[in-house]
Amino acid sequence: MKMESIINSTILSLACFPKSNPSIHHQKTVKARRTVCCSLSSSSSSKNSNSEGDANGLLKEEEEEKYNDIWLLFKEAQQNILYLNKLRLVAVEELNKANREKQLLLDKIQQLEAVNKLGNEQSLWRELLLRIDSMVLTGLIDSAEASGMRKAVMGNKFSVALVFFDIRQKTDAELLAQLRHFSVGSRKNGFHIIQICTEMEPLVSVGSLSSYVTGLSKALQKKGHIVEVILPKYACLDLTEMQGLREIEAELYSYFNGQLHGNRIWTGIVHGIGVTLIQPLYYSSFFDRERVYGYSDDFERFTYFSRASLDYIAKSGKQPDVLHIHNWETAIVGPLFWDIFVKQGLGGTRVLLTCHGFDSQCLEQPDKLALCGLDPARLHRPDRLQDHTMTHLVNILKGGLVYSNKVVMVQSIYSKERIINSFSHGLEPTLAIHKDKLLVSPCGFDNSTWDPSKDKFLPKNYSADDLKGKSICKVALQQQLGLSKNSSTVLVGCISTESLDFDLNNQKAVWNATPKSVQVCTCFWDLYFFEENTGLSAEYRRNSLLAGEMRVLKKVTRTVILNFPWQPHESFIFMGSKATSADGALEYLKKELKDETVRFINKYDEALLHLIFAGSDIILCQSFHDPLLQVPLKALKYGAAPVAVTSNENKFRHFVDREQETTRFSRFISSTFGYLSLSQAVDEIKNSPSKWKQKMVDAMAKDFSWNAECCDVHVSAYTALKSL
């Protein structure tokens, strides 16, 4: 019992010194061993003093074995304690390292959160540029100092977010002091572009111009260029997505009709783009109306805005590389710039005009040019603004063509020569004279929203490298619409708009040419209805429709799904200016179709629209040039073949120009899908599936977004302008 208590106490004492010095531990071990030896020896001698020597030897031998076992236990315990101590030290070091990294991460998050209060870093430095503009207008700084500050901001964009993250909490005086201490950096090799326009998505959208302005601006800024947009402050603006909207506390005066008139200036950020809104005070009714276009005084409205935009640019001290103007509505900027404003500190600025079509040109009496300060006698000449046909009038779009340094014609499928010869609407002589400054650009689409590899609306994402998700999307579309679920069935989607010339004969031809066992999904998109008693002539209304100048009484979105697994069906898209009810039009369609498999979805469904692109094998479209809905471009991205419908002899062939002066998109589409009719496309899918799959993979790999060819064409134009 005594020996067991000694052993137990010794082990307990050993377990209590994991942090002790090894040499001290060894001394205690030796001492403990001696104590045990002495105790055992004493006990043995007192109890067995008369025992024989052999018994004593045996006892000593047994005790020695016990001593050895105990020592081994001591040694093993000591090693384990030392090992655990090392692990503890390593763990403590790892914990300290993790705490340091955590603190660094928290500091970074805090900085990013401060920046994100403005949306993102790009929004911040663009808002800073707008604040500099307001300082010029309010007289805090002059144009020269403002120019230096802008260079500092644009040359140090990435450090701006850390220095000026609390910009909205600062007054102009406080911000000015901070700007003056901000180190001046070199300006990045990018262009400063100001777009003067009448539409911009999502603020105001009537036609294809709105998506073009926003899509191109975002693409240009991704490549390091600075883009600003100037718009009228319409009463119908949708400001829900504008960040940092603020009014500059200074009136801007602009010339019109012999006097200076005040304007309020508003600034904000939309999708990272700096936007300036001009609000007339005296002529407040110009833009305080129900719609954007279609008024008898449209010339006065947009001429006033164009002049006010140039007055704002000059007074704020801006010195952009390019003034980018659009269509006839801002074409007057060209003559105004070169006759009046080029001498107001804008000698390094050049003008680029975008034409989204030549069918709307604006013919006016020459004396109206004096409203904005121009000289009618000087401009009413054949080589300037005089119209070729109605020579007593001036042609505003022609003036933009003559006075711009470059002209970009937005057209996806036709060549420059074809546009001049066939689609110039009387401007052929002017276009021929200025042929060298004409460029052709396709439209694009937003691939941040329309991309099957990251589309949030799809049940399974897919890409050109992995197409498994497309068949899953197809089955999901069939299931959602109550169609027979079969991934091998050819599914044809059709997305169109009433404002396009998509007539009954075309629709009949589509259904009659559709092979058996083909499922067809038709989406009637964005139906527009016009007021009967507008007081405008039928000819004007027709031209207005072509130009996108429409009075929108009601805008509804309807999706019509047709399934005919055994036989073709007849259908058509309803259109007409006498329609007074969208629901009535759909009821009319329903009665005419007389088919129980027709489904009407009477509400907008963004998810279904994305699924139609993803689940369809073929997408029928009115034309390969679709700047409004961009159906062919989205179809290619989602691996669906775009097949164009034409009314010529009820065939579905749609040829495009194969000339060299066409877009890359035109050359690609003409060599892949331009020759296909609907029945030919279905035959290829069924008879040559491997070849068809490779064709779709190649199409998906192409980039036809705003970031690609459209942006490249404009950058090339800007570059050429700087060398003039």
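Please read all numbers here as calculations on a predicted model, not as lab measurements.

Peer 1: Sorry if this is basic, but what is going on with the environment of T430 here?
Peer 2: In this structure, T430 sits in helix 14 (residues 428–433). For T430, the contacting residues outside a window of four places in its chain are H388, K398, L401 and V402.

Peer 1: Please clarify how a negative patch on the surface should be interpreted in this entry.
Peer 2: On the surface, E61, E62, E65 and D69 cluster together into a negatively charged patch. By the element assignment, E62 lies in helix 3 (residues 53–116).

Peer 1: Teacher, can you tell me more about helix 22 (residues 678–687) here?
Peer 2: Along an α-helix, a turn takes 3.6 residues, which lines up residues three or four apart on a common side. Along helix 22, the residues that are buried comprise L678, A681, V682, E684 and I685. An end-on view of helix 22 places all buried positions within 160° of arc, on one side of the element.

Peer 1: Sorry, what's going on with the pattern of salt bridges here?
Peer 2: Two side chains carrying opposite charge are able to pair once their charged atoms lie near each other. All chains considered together, the criterion is met by 18 salt bridges. One salt bridge in this structure joins K218 and D446, with 4.0 Å as the shortest N-O distance. Separated by 228 residues along the polypeptide, K218 in helix 8 (residues 208–222) and D446 in the loop between strand 12 (438–441) and helix 15 (468–480) bring together distant segments of the chain. With relative accessibility at 22%, the residue K218 sits in the partly exposed group. We note a salt bridge from E364 to K368, for which the minimum N-O separation is 3.2 Å.

Peer 1: So what exactly am I meant to see when it comes to a nonpolar patch on the surface here?
Peer 2: Taken together, the side chains of Y83, L84 and L87 make up a nonpolar region of the molecular surface, amounting to roughly 330 Å² of accessible area. Mapped onto the secondary structure, L84 falls in helix 3. Using a relative accessible area of 53% as the deciding quantity, one classes L84 as exposed.

Peer 1: Help me understand the packing of helix 22 against helix 23 (residues 689–701), please; the structure alone is not making it clear to me.
Peer 2: Helix-helix packing: each pair is described by the crossing angle between the helix axes and the interaxial distance. Relative to each other, helix 22 and helix 23 sit at 115°, their axes nearing to 5 Å. Classified by the angle their axes make, helix 22 and helix 23 are roughly perpendicular. Only P689, W692 and K695 of helix 23 make contact with helix 22, whose side of the interface consists of A681, E684, I685, K686 and N687. Here the residues of the contact of helix 22 with helix 23 are counted per class, giving four nonpolar, one polar and three charged.

Peer 1: Can you walk me through the state of the cysteines in this structure?
Peer 2: Defined simply, a disulfide is a covalent bond joining two cysteines at their sulfur atoms. Evaluation of the coordinates by the stated rule reveals zero disulfides. Looking at the unpaired C711, the closest cysteine sulfur is the one in C710, lying at 7.2 Å.

Peer 1: Hey, could you run me through unusual backbone geometry in this one?
Peer 2: With the exception of glycine, most residues fall at negative phi, and the peptide bonds are largely trans. Residue P202 follows E201 across a cis peptide bond; omega there is 5°. Relative to the helices and strands, P202 is located in the loop between strand 1 (192–196) and helix 8. Non-glycine residue H271 carries a positive phi angle of around 55°. Looking at the secondary structure, you find H271 in the loop between strand 5 (259–270) and strand 6 (273–280). Residue classification places H271 among the partly exposed positions, given a relative accessible area of 38%.

Peer 1: Just checking my understanding: could you explain helix 10 (residues 333–341) for this structure?
Peer 2: If you check which residues of helix 10 are buried, you get V333, G334, P335, L336, F337 and F341. On its buried side, helix 10 packs onto strand 1, helix 9 (298–315), strand 7 (322–326), strand 8 (350–355), helix 11 (376–379) and helix 12 (396–403).

Peer 1: Help me out: how do you make sense of the side chain of S404 in this one?
Peer 2: Examined against the element boundaries, S404 turns out to sit in the loop between helix 12 and strand 11 (406–410). Assessed through its relative accessible area of 3%, S404 is described here as buried. In terms of polar contacts, S404 uses its side chain to reach the backbone carbonyl oxygen of G400, at 2.6 Å. Those residues within four positions of S404 in sequence are excluded, and the remaining contacts are I325, V351, L352, L353 and K437.

Peer 1: What is the right way to read the environment of A331 from this model?
Peer 2: Within the fold, A331 resides in the loop between strand 7 and helix 10. We classify A331 as buried; its relative accessible area is 0%. Between the C-alpha atoms of A331 and T354, which are 23 residues apart in sequence, the distance is 9.0 Å. Each residue touching A331, except ones within four places of it in the same chain, is listed here: I325, L353, I396, L397 and G400.

Peer 1: Can you help me understand the confidence of the model for the chain in this one?
Peer 2: Low pLDDT marks regions whose predicted coordinates should not be analysed in detail. Scored by pLDDT, the chain has a mean of 77; 70% of the residues are at 70 or more. When the criterion is pLDDT under 50, residues 524–583 qualifies, and its contacts beyond four places in sequence or with other chains add up to 167 contacts.

Peer 1: Sorry if this is basic, but what is going on with the packing of helix 9 against helix 10 here?
Peer 2: At their nearest, the axes of helix 9 and helix 10 sit 10 Å apart, and the two run at 45° to each other. One finds that helix 9 runs oblique with respect to helix 10. Helix-helix and strand crossings are classified by hand; for helix 9 and helix 10 the assignment is right-handed. Taking contact as the criterion, the partners of S306, R307, L310, D311 and A314 in helix 9 are, on helix 10, V333, L336, F337, I340 and F341. By residue class, the composition of the contact of helix 9 with helix 10 is seven nonpolar, one polar and two charged.

Peer 1: Just to check I follow, could you spell out the environment of G334 for this structure?
Peer 2: Tracing the backbone shows G334 in helix 10. Between the C-alpha atoms of G334 and L352, which are 18 residues apart in sequence, the distance is 8.6 Å. Filtering out sequence-adjacent residues up to four positions away, G334 remains in contact with I325 and Y403.

Peer 1: Even after reading the chapter, I still don't get the packing of aromatic side chains, so can you show me in this structure?
Peer 2: Remark: the centre distance and the inter-plane angle together describe each pair of aromatic rings, the angle taken between the planes. This structure, assessed with the given rule, holds 23 aromatic pairs. With a centroid separation of 6.4 Å and an interplanar angle of 80°, the aromatic rings of F287 and F305 are classed as edge-to-face. With F287 in the loop between strand 6 and helix 9 and F305 in helix 9, this pair connects stretches of sequence that are 18 residues apart. Across the pair, F305 and F287 agree in class, each one buried. Measuring from ring centre to ring centre gives 4.9 Å for F337 and W338, while their planes differ by 85°; the resulting arrangement is edge-to-face. F337 gets classed as buried once you look at its relative accessible area, which sits at 0%. With relative accessibility at 28%, the residue W338 sits in the partly exposed group. Its end group placed over the ring of Y295, R291 keeps NZ or CZ at 3.9 Å from the ring centre.

Peer 1: Quick question: what am I supposed to make of the side chain of S306 here?
Peer 2: Tracing the backbone through its elements, the reader meets S306 in helix 9. Judged by relative accessible area, S306 falls into the buried class, the value being 0%. Every residue in contact with S306, bar those within four places of it in the chain, is listed here: E329, T330, I332, V333 and L336.

Peer 1: Help me out: how do you make sense of the pairing of strand 6 in this one?
Peer 2: On a regular strand, one side chain projects to one face of the sheet and the next to the other, so that they alternate. In terms of burial, strand 6 is a largely internal element, seven of the eight residues being buried. Two elements, strand 2 (residues 226–232) and strand 6, share five bridges in a ladder whose sense is parallel. Directly across from L231, in strand 6, lies its bridge partner L277. The sheet contact formed by strand 5 and strand 6 spans eight bridges and is antiparallel.

Reading guide: rules and limits
- Residues numbered from 1 in each chain as written.
- Predicted model: local features only at pLDDT ≥ 70, side-chain atom pairs only at ≥ 80, totals over all residues.
- Heavy atoms only, no water.
- Helix = DSSP H or I, 4+ residues; strand = E, 2+ residues; numbered from the N terminus.
- Contact = heavy atoms within 4.5 Å.
- Patch = residues over 30% accessible without salt bridge, like charges linked within 9 Å, V, L, I, M, F, W, Y side chains within 5 Å.
- Areas by Shrake-Rupley, 256 points an atom, 1.4 Å probe, with all protein chains shown as cover.
- Salt bridge = Lys/Arg side-chain N within 4 Å of Asp/Glu carboxyl O.
- Lys, Arg positive; Asp, Glu negative; His and termini not counted.
- Charge placed at Lys NZ, Arg CZ, Asp CG, Glu CD.
- Buried < 20%, exposed > 50% of the residue type's maximum accessible area, 1.4 Å probe, protein only.
- Arc of directions from axis to C-beta.
- Axes fitted to C-alpha atoms, helices over the stretch in contact; angles between N-to-C directions.
- Parallel < 35°, antiparallel > 145°, perpendicular 65-115°, else oblique.
- Nonpolar A, V, L, I, M, F, W, Y, C, P; charged D, E, K, R; others polar.
- Disulfide = S-S within 2.5 Å.
- Polar contact = N/O pair within 3.5 Å; in protein donor to acceptor, adjacent residues only side chain to side chain.
- pLDDT = per-residue confidence, 0-100.
- Left-handed = near helix turned anticlockwise from the far one by under 90°.
- Phe/Tyr/Trp six-rings, centres within 6.5 Å; stacked < 30°, edge-to-face > 60°.
- Lys NZ or Arg CZ within 6 Å of the ring centre and 35° of its normal.
- Pairing = 2+ DSSP bridges.

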